[in-house]
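Remarks on the overall topology
Single-letter residue listing:
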Amino acid sequence: MFKVRSNRINKMYMKYRERLEKENKESVDVSVQTTVKSCWNEVDKQCQEYKPFTSTKPQGKSGWKIVRVFVSSTFTDFFNEREILVKKIFPELREWCKLRHIHLIECDLRWGVPKEATTQLVIDTCLEELNRCHEDTNGQPFFLGLIGKRYGWIPDKTDVSDELKDKFQWVDNTSITFMEILHGALRCKSPNAAFFFRSDEVIDSIPEKALKRFIDEETLSKQHLIALKKQLQKRFPDQVYDYNCKVDGMQDTAGRERVKFSELDKFSDQVLDFFKTAITNMYDDNKTSDYDEEEIEEENQKFYIENKSELVVGQDNLLKILTSYLKGEPLSDIPESDDSKSFVRDLKFWGETVPEDNMIMCIKGHPGYGKSTLLSKVVNDFLKDGYEVFYHFVGCSASSKNTETLCKRLVRALEKKVLKKDENTNHAIDGEEGSVQSSMERLKCLLPVLREQQTKLCIVIDAVNELPDCNTYNHLSWLPPRFPGNIKCIISSADTHPPTVARLTEHSCYVCEVGPINKEAAEILVSKTLKKFNKQLDKDQLSLIVSRPCATNPLWLTMLLEELRMFGDFRTLDSKIEKVSDSVDSLLTDIVNRIIAEDETGLVKKSLCLLACAIESIQLHDLSNMLGDISNKEPVAPLYWSQTRRVLSPYIKEIGVQSNISFYHMEIRRIVRQLLITNHGREWYRLLALYYTKWCPDERSRSLFAPKYCLNANLKAELLEFYDKDPAAELIHDRLRSQHFENLRCQSQATVTPLLFPVVICQFCSTKTCRKKFRIQNKDCCVVCKSSLTFKNAVANLCNFHAFGHNDKYGKCLYCNMIVPKENSNVKNMMGNVGKLCMNCSFGHVHKKCAMVSIK
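In this text, all values refer to a predicted model and were calculated from it rather than measured experimentally. (Residues numbered from 1 in each chain as written. Predicted model: local features only at pLDDT ≥ 70, side-chain atom pairs only at ≥ 80, totals over all residues. Heavy atoms only, no water.)

What the rule picks out here adds up to 25 aromatic pairs. Ring centres of F214 and F261 lie 5.9 Å apart, and the angle between their planes is 50°; on these two criteria the pair is classed as tilted. Linking F214 in the loop between strand 4 (193–198) and helix 6 (219–235) with F261 in strand 7 (residues 256–262), this pair joins segments that are 47 residues apart in sequence. Taken as a pair, F214 and F261 share a single burial class, namely buried. Ring geometry for F382 against Y387: centres 4.7 Å apart, planes inclined by 50°, an arrangement best described as tilted. Ring pairing ties together the aromatic residues F196, Y241, Y243, F267, F274 and F275, which thus form one cluster. One residue, R198, lies across the ring of F78, its end atom 4.2 Å from the ring centre. (Phe/Tyr/Trp six-rings, centres within 6.5 Å; stacked < 30°, edge-to-face > 60°. Helix = DSSP H or I, 4+ residues; strand = E, 2+ residues; numbered from the N terminus. Buried < 20%, exposed > 50% of the residue type's maximum accessible area, 1.4 Å probe, protein only. Lys NZ or Arg CZ within 6 Å of the ring centre and 35° of its normal.)

As structure tokens, this is what we get:
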């Protein structure tokens, strides 16, 4: 009986406890609901009182507009999505914007706040950045909100100062993430805001040990999140997207285990589509089709110097010297090159200089030390001060690497300075208009007029060692020894190409060298570079970087910062920085190995190898074709090519409208060749040769590259077929034809046998046309390279091996093997002709070699 009574008491107690808990829960729920409702009442009030933002800020530079996309989310649960944004979505969107003369900046504030920052600084930094987004869009910022099962940290009332509350109209009892959404989208109801809700189904698959990073346990946060999603769907019905993904195990990232998501392709496509549409609606007038080629070149040059000049550090003394030189101020302690005998920059052609003429300023330095950046700063400053400057930065566009384009632009700039043009200043002499020779003649005629009129102009030409003719005899022949007194000229070159430096210093000139930067300059470079992407490091991380020995090398810093910028977790950056290699070579090696290891298609390695073996650069569409099936003329799938291009984008540069692709820096090319190229690159040269002989649609490209790649790959049969059948071969100069055929020619001597056996051509074959475009008959062309014969030619002879079947009375026709009598007066008309060598194929002792073309 006692036991029954005890059980009854326990049941009564349990019922009482359950009723008490229920009453307490209902009381809490009412309190939470009241708080949430109060917050949204305040939001509604602010939205009603909101005044549209009007910006007086000038938009963009040189016709370029700026788009900032602010990314808002809680941190620990959106690592995967942020990685996709940084490595895939934003690089593709940036390329798309670039074609429309729009500069894209992603505002990812997980990088923007140092780890030791106070709450005040966190709030001020995040919301102040949104103010910049408002300024660039007249109150309609581009905003991306990522929302899962976390509402975010809610600061106490004491954590937010009265100043910040007034400045940003802070709503109490809400999270920082919510305030970003309110300030960046809700108040202004921005049409450029998108919200992505991750499916709750993913939570069920997350391992229990990581679950607390993905869900909120506080009741207030849960209720806030429910209300936020409902309100966003109500207020932005066409701007809210749901997406799903799957848990793909755990991965260790910089010493921290994280949940890995897969199947985020739909998310990526939706984000890209939304922002492409939003940007198009706002800036539908920014299209490259509105610009002709000359305007595009000018825009490329302008945009290049404005962006480059933002990162000048550690060169104050040299900057002062260059400024003084261009202003005509006295220079002291500046070394001058010794006068030497004219070689290519012929003084006889240009005429004698006068004492008032100016010596050229030659800037040299190791690649990556900042010559282009320095000169960009000089040009930009002088333009802002009202000086007239002609500038040409080789490599900033496709046409900028063309010597003819450079000379033509220089002549045009000088002609504009001539008030009364002499009749000869616009006349092209002895050559096609626009050629280097024609430009030289016009420049020669201009110099006396400019000297007489005392014309003022600053000339800055950067990286002449990158011109395509840098290894030819006439490299820099277009550059006068000096310029007239009021015209100052600065030319730069890498010191790793001695021929260019030698050509620049053929005549007396000033010589300055760009060296490594110091620790203070390195700190500035790091901060400025990351600031462009809205990121910053704390003091310890910054000190950790600049204390490295390689921090004096701007290239090492640039590549390191690119690695850090692409790294997804700000909290584990210390570990990442500590593991970075201490030399340029090892850092670049690690980068190349990483991007190849992360690539599942194999196209990254293939692209790197093709670019490393390319003679100059490869056009974008040619490279995408090469990555596909050349034999069946099927280009690589656009999706794979886009992925590959995004991965490589930090390490390559795309030049001009046609997007000629080459490495961002020649050191990267060297490392790629060292790591990936074996057997002298024969495999990759073969691939390049097959593309240019079998598929490339552009005749000029085939004529330029097909013979060279065939020779590098030792594809003699393919080269011979190219010369026999491809119309593009007719575009190749006779001198180059002779050089190419020299590699196909039998290497044996034809003069070591007791008798000489000349090449014989029968009467029938001698009248056949061998080059249809020029209608040259076999008897009138070189038997080796098929160039036209001139008065300077020689008899073509055969070696003992290839003279088999020949004797002193009979010979065999080179083309049909028909027996041809050499001496017989009764059959005089059937004797045929003796084969000849052109001037190029017979130059020097080459005529003594066998004239038979052999592909063995």
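For the rest of this paragraph, the subject is the sheet that holds strand 10 (residues 389–393). Judged by pairing direction, the sheet is parallel, and its 5 strands sit side by side in the order 10-11-13-9-14 without closing on themselves. Edge positions in the open sheet fall to strand 10 and strand 14 (510–514), since each of these has one partner strand only. In this sheet, adjacent strand axes meet at a mean angle of 15° when their direction is disregarded. The pairing of strand 10 with strand 11 (residues 457–462) spans 5 bridges and is classified as parallel. The partner of H392 across the bridge, within strand 11, is I461. Where helix 11 (residues 371–384) meets the sheet, its contacts fall on strand 9 (361–365), strand 10, strand 11, strand 13 (487–494) and strand 14, and the angle it forms with strand 10 comes to roughly 155°. (Pairing = 2+ DSSP bridges. Axes fitted to C-alpha atoms, helices over the stretch in contact; angles between N-to-C directions. Contact = heavy atoms within 4.5 Å.)

This brings us to helix 25 (residues 699–712). Look at helix 25: 20 Å from first C-alpha to last across 14 residues, which is about the 20 Å you get at 1.5 Å a residue. Considered for burial, the residues of helix 25 that qualify are S701, R702, S703, F705, A706, P707, Y709 and C710. On its buried face, helix 25 is in contact with helix 20 (603–613), helix 24 (682–694), helix 26 (716–725) and helix 27 (734–742). Count one or two residues on from helix 25 and you reach N714, which has phi positive near 60°. (Expected span 1.5 Å × (residues − 1).)

Turning our attention to the confidence of the model for the chain. Mean pLDDT for the chain: 82, with 86% of residues reaching 70 or above. At the level of individual helices and strands, the chain shows its lowest average pLDDT in helix 1 (residues 2–49), which scores 70, and its highest in strand 4, which scores 95. In the model, residues 287–291 has pLDDT below 50 throughout and makes 10 contacts with residues more than four positions away in sequence or in other chains. (pLDDT = per-residue confidence, 0-100.)

Attention shifts here to the side chain of E180. Within the secondary structure layout, E180 lies in helix 5 (residues 176–186). Buried E180, no salt bridge; nearest opposite-charge side chain is R82, N-O distance 6.4 Å. Residue contacts for E180: discarding those within four places in its chain leaves F70, S72, S73, C126, L127, L130, F143 and A185. (Lys, Arg positive; Asp, Glu negative; His and termini not counted. Salt bridge = Lys/Arg side-chain N within 4 Å of Asp/Glu carboxyl O.)

Remark: helix 12 (residues 403–417) packs on helix 13 (residues 436–453), axes separated minimally by 10 Å, with the N-to-C direction vectors making an angle of 25°. In terms of axis orientation, helix 12 runs roughly parallel to helix 13. For the crossing formed where helix 12 meets helix 13, the hand is left-handed. Side by side, helix 12 and helix 13 meet where T403, E404, C407, K408, L410, V411, L414, E415 and K417 of the first sit next to V436, S439, R442, L443, L446, L450 and Q453 of the second. (Parallel < 35°, antiparallel > 145°, perpendicular 65-115°, else oblique. Left-handed = near helix turned anticlockwise from the far one by under 90°.)

Moving on, we come to the pattern of salt bridges. Counting across every chain of the model gives 27 salt bridges. Two residues, D265 and K88, come together in a salt bridge whose shortest N-O distance is 3.8 Å. One end of the pair, D265, is in helix 7 (residues 265–282); the other, K88, is in helix 2 (residues 79–98), with 177 residues separating them in the sequence. Residue E563 is joined to R594 by a salt bridge in which the shortest nitrogen-to-oxygen separation is 2.5 Å. A residue pair is termed long-range when its members are at least 10 positions apart, and E563 in helix 17 (residues 554–565) and R594 in helix 19 (residues 584–598) qualify at 31 residues. Residue classification places E563 among the buried residues on the basis of a relative accessible area of 9%. Judged by its relative accessible area of 21%, R594 is partly exposed. Residues joined in a network through salt bridges with shared partners are D77, E81, R150, R198 and D216.

With 4 of its 5 residues buried, strand 9 lies for the most part within the structure. Where strand 9 meets strand 13, 5 bridges bridge the pair, whose relative direction is parallel. The residue bridging I363 from the neighbouring strand is S492, located in strand 13. Bridge analysis of strand 9 against strand 14 gives 5 bridges, and the strand direction is parallel. Along strand 14, the bridge assignment pairs M361 with Y510.

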